[in-house]
Amino acid sequence: MRGTHPLNSFAALGPLANKLISAQNPTHVYGPIRELAAHDGRILLIGVELNRMTALHLAEQQSGRHLFLRWARDSVGNVSMVEVGSCSEGFPRLGPALRPYCRSVTVGCSQWQAYPAALTLAAATAAIAADQTITRCSDSDCLLCRDAVAGGPSTASHQSATQNGMDEALKASGTHL
């Protein structure tokens with residue numbers, strides 16, 4: 001089963017697939033990860049490193065940051081505001097905090113790593129809350145990192161985007177409701 005988020009959809013297989021995927025909507029992008037953690041699930045990285053662990057964006061949110069907002073067309077062409085994560089290139093800096101939870105094995109030429117979702121999220125959330133700069137990437141000009149470390153869009157920005165942004169986005173795209 002695949003989710004319907006227009007920019008960050010998740011896929012799941014198995015008896016809990018519907019429960020996991022149905023937790024996601026445009027303004028709860030990481031709902032499936034939250035459900036995975038609630039059901040004692042595991043995060044599996046296959047041949048990639050922490051900079052590809054999408055779950056760490058949920059840890060950013062749980063640490064008090066606001067997710068970024070974008071506008072996207074859904075599967076039927078409607079424009080809507082959606083939540084998304086930011087730059088993840090600094091996530092490997094969370095390695096020391098997450099290492100105790102990692103189980104690693106080599107499969108062929110590929111390194112596979114498994115992390116218990118709930119413990120990993122808790123450790124990452126605590127590490128980010130203790131040091132907001134821990135997720136900053138090596139690019140000193142990265143605006144996504146700058147804004148994420150500052151807490152992401154302000155609550156006022158979220159409210160303004162929700163109230164006014166849809167009208168502006170529709171005008172800019174030439175779409176009429």
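Each chain carries its own residue numbering, running from 1 in the direction its sequence is written. Only residues with pLDDT of at least 70 get local features here, since the model is predicted, and only at 80 or more are side-chain atom pairs given and counted; chain-wide, interface and lining totals rely on the full set of residues. Water and hydrogen atoms play no part in the side-chain values, which are based on all heavy atoms of the structure.

1. Regarding the nonpolar core
Turning to step 1, where the next piece is worked out: In terms of nonpolar packing, the biggest core is built from 30 residues, with Leu 50, Met 53, Leu 56, Leu 94, Leu 98 and Tyr 115 touching the most fellow members.
Turning to step 2, where the next piece is worked out: Put simply, DSSP H or I for four residues or longer makes a helix, DSSP E for two residues or longer makes a strand, and each gets a number counted from the N terminus. Put simply, the parts of the chain that give this core at least two residues each are helix 1 (17-21), helix 2 (31-38), strand 1 (42-46), helix 3 (55-62) and helix 5 (117-130).
Turning to step 3, where the next piece is worked out: When residues in this core are grouped by element, the largest group, six residues, is from helix 5.
Turning to step 4, where the next piece is worked out: Any two residues having at least one pair of non-hydrogen atoms within 4.5 Å are treated as being in contact. Excluding residues that lie within four positions of it along the chain, Met 53 makes contacts with Ile 43, Leu 45, Phe 91, Tyr 115 and Thr 120.
Turning to step 5, where the next piece is worked out: Core analysis: the next-biggest nonpolar cluster, separate from the first, contains five residues, Phe 68, Ala 72, Val 84 and Ala 148 among them. Think of a nonpolar core as a cluster: buried Ala, Val, Leu, Ile, Met, Phe, Trp, Tyr and Cys residues, connected wherever their side-chain atoms sit within 4.5 Å. Think of it in three bands: with a 1.4 Å probe and only protein chains considered, a residue is buried below 20% of the maximum accessible area for its type, exposed above 50%, and partly exposed in between.

2. Observations regarding the environment of Ala 11
Turning to step 1, where the next piece is worked out: Within the secondary structure, Ala 11 sits in the segment before helix 1.
Turning to step 2, where the next piece is worked out: The exposure class of Ala 11 is exposed, given its relative accessible area of 54%.
Turning to step 3, where the next piece is worked out: Put simply, Ala 11 and Ile 21 are 10 residues apart on the chain and 7.0 Å apart in space, counted from C-alpha to C-alpha.
Turning to step 4, where the next piece is worked out: Those residues in contact with Ala 11 that sit more than four places away from it in its chain are Met 1, Arg 2 and Ile 21.

3. Side note on helix 5
Turning to step 1, where the next piece is worked out: Its 14 residues place the ends of helix 5 20 Å apart at the C-alpha level, agreeing with the 20 Å of an ideal helix rising 1.5 Å per residue.
Turning to step 2, where the next piece is worked out: Turning to helix 5, its buried residues are Ala 117, Thr 120, Leu 121, Ala 123, Ala 124, Thr 125, Ala 127 and Ile 128.
Turning to step 3, where the next piece is worked out: Along its buried surface, helix 5 packs onto helix 2, strand 1, helix 3, helix 4 (95-98) and strand 5 (110-116). For a helix, the expected span equals 1.5 Å multiplied by the number of residues minus one.

4. A short note on the sheet that holds strand 1
Paired through their backbone hydrogen bonds, the strands of a sheet run either parallel or antiparallel.
Turning to step 1, where the next piece is worked out: Two strands pair under a simple rule: DSSP has to find at least two bridges between them. Taken in spatial order, the three strands line up as 1-5-4 in an open sheet, and their pairing is antiparallel. Here the strands that pair on one side only, and so sit at the sheet edges, are strand 1 and strand 4 (103-107). Strand-to-strand twist across the sheet, computed as the mean angle between neighbouring axes with direction ignored, equals 20°. Axes here refer to lines fitted to C-alpha atoms; in helices the fit is confined to the stretch in contact. Angles between the N-to-C directions go from 0 to 180 degrees.

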